[in-house]
Amino acid sequence: MATDSSTPDGERLIGWKRIARHVGCSERTARRWEAEEGLPVHRQVHEARSTVYAHPAELDDWIRSRTPGAIDGVAEGRGSGRLLQKIWPWAAGVTIVALLALNFLGYLNLRRETAASPPPIETAALTDNANALDLYERGLALWQQRGKEPNRRAILLLTEAVEQDEGFAEAWAALSSAWATYPTYDEEADLNAALDKALLASDRALRLNPDLVEPRTLMAEIAERRGDWITARDIYEDALSRDPDNPTIFLWAAGHSREAGYMGEAFALTQQALDIEPNYPPALNEMAMNTTFYVDAAEGRRLLETVWNEHGLELPVTWFGRWMVLLWQGEFDEMANWQSECPIGEACGYFDRAREVYSRSDPDEVQAFAREMLEAYEAGLPAQMAISLIQETGDTDTMLTIAERESEKGRFINAVIFYDPRNAAFRTGPRFTGIVRNLGLLDYWRQAGAPDFCSNEPEADVCQVLDAT
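Just so it is clear, the structure is predicted and the values come from calculations on it, not from any experiment. (Residues numbered from 1 in each chain as written. Predicted model: local features only at pLDDT ≥ 70, side-chain atom pairs only at ≥ 80, totals over all residues. Heavy atoms only, no water.)

**Considering the overall build of the protein**
Okay, so step 1: Of regular secondary structure, the protein possesses 26 helices and three strands.
Okay, so step 2: Every one of the 469 residues in the protein was classed for burial, and the buried ones make up 56%.
Okay, so step 3: Of the contacts formed within the protein by residues at least 6 apart in sequence, a portion of 63% connects residues at least 24 apart.
Okay, so step 4: Total accessible area on the protein is roughly 19,500 Å²; 47% of this is exposed by carbon and sulfur atoms. (Helix = DSSP H or I, 4+ residues; strand = E, 2+ residues; numbered from the N terminus. Buried < 20%, exposed > 50% of the residue type's maximum accessible area, 1.4 Å probe, protein only. Contact = heavy atoms within 4.5 Å. Areas by Shrake-Rupley, 256 points an atom, 1.4 Å probe, with all protein chains shown as cover.)

**Describing the state of the cysteines**
Okay, so step 1: The final tally for this structure, using the stated rule, is two disulfides.
Okay, so step 2: With its sulfur 2.0 Å from that of its partner, C342 forms a disulfide with C348. Across the S-S bond linking C342 and C348, the dihedral sits near -95 degrees, which makes this disulfide left-handed. As far as the burial class goes, C342 and C348 line up, both buried.
Okay, so step 3: The side chain of C454 participates in a disulfide bridge whose partner is C463; the two sulfur atoms lie 2.0 Å from each other. Its torsion about the S-S bond being -90 degrees, the disulfide of C454 and C463 is classed as left-handed. By the burial criterion, C454 is buried, and C463 matches it.
Okay, so step 4: Sequence-ordered numbering of the disulfide-bonded cysteines in the protein gives the connectivity 1-2, 3-4. (Disulfide = S-S within 2.5 Å.)

**Observations regarding unusual backbone geometry**
Apart from glycine, the bulk of residues carry a negative phi angle, and the bulk of peptide bonds sit in the trans form.
Okay, so step 1: Here S361, not a glycine, exhibits a phi torsion of approximately 55 degrees, which is positive.
Okay, so step 2: A relative accessible area of 53% means that S361 is categorised as exposed.

**Observations concerning the packing of helix α24 (residues 430–438) against helix α25 (residues 441–448)**
A pair of packed helices is captured by two measures, namely the crossing angle of their axes and the spacing between those axes.
Okay, so step 1: For the pair α24 and α25, interaxial distance at closest approach is 5 Å and the crossing angle is 85 degrees. The angle between the axes of α24 and α25 places the two elements in the roughly perpendicular class. Counting all contacts with α24, which are made through F432, T433, V436 and R437, the residues of α25 involved are L441, L442 and W445.
Okay, so step 2: A breakdown of the residues in the contact of α24 with α25 according to their chemical character gives five nonpolar, one polar and one charged. (Axes fitted to C-alpha atoms, helices over the stretch in contact; angles between N-to-C directions. Parallel < 35°, antiparallel > 145°, perpendicular 65-115°, else oblique. Nonpolar A, V, L, I, M, F, W, Y, C, P; charged D, E, K, R; others polar.)

Structure follows, in structure tokens:
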């Protein structure tokens, strides 16, 4: 490859590790793609050795060049506006997810990045068909890029992989994940059609290899999205019985319990994941976030700082958790410093704006900020982000309005606000009961038992409804 030393280091990805992370594959695969497929990598020549680096824009262009075409069966949506285009890919991939709790997609990618064993794409025994294996590797790398276009192209490649080798279980599993996440990035995609394709691919993967964890737990994720929480719980329990030494399953099950309001279960399952793998970063992060919001903010902050500084898990959710603690503790100067570490691009401006508003403590400005965030939500700001930034205003009505609108879509991933003990007012009246009914949680609680917050908030309308049934 060409040697170019004119670009400042801040605009380059230096080293194979950073290059591979950007492309979404292992270092070994990145090296192979450079040698065989022209991955645009440069070298700075020194006397002792050379430094490998790449330009993000060139890597993105290379990825885009690999898979032209369109998906059959899912409509291509119109643009949703400049704000949505710039913020939504971050929020959907890592942070519908990442703002408030690492969900299935986040755990899946983190597990691949932090596992001690080599990632699946490096195991040649997955298939004897070299073309199918290459399509699988490239599709998986694109899917890990997140966003509408990479996800769309990932589906095309993975579909071709299973067409070339119908017995390629791992490719079917990856295809199921790609179909499940695609509607997250394209609001005009047919959600039910995409989930049906995901379920079919998961079923095919499990028929070929019943031991695969990801398609099994993906089926639980899909059940949750459809409001069938009991089925999701049954799937997790079955997965735990099949693979009781897998910390990732315990972690996904913990996420299910957290989203359903069973915080005691969530803590216990996360601890079981850590008992199996004490330094498993996603489990450490889950424990840190849950401690921060539900037990002890100061201890949670310490745990989050450990995850960020010592384990190098610089995730949006981790950054967000520490940002919230600084807000609660009124450390606005430190918040300003922390803004420099913000990992969410243009969306960082909303958090900086919130810091300015809350630091001035002007009641009128605070209430105006809540209305400002509602307008931003209506323009495309993800609901979880809007609610999180509003909650310190005390404007429960606006938070409920956003939650109601999302619950009517049937695919609202619950925000921390649902169960945060600092915001009991959010759960007091019948509007919250209507929200959880829309999401299928009310029926779940009737069968599996009331959520934990009812112990301390027995007068809440939803707790009264559950007590009467």
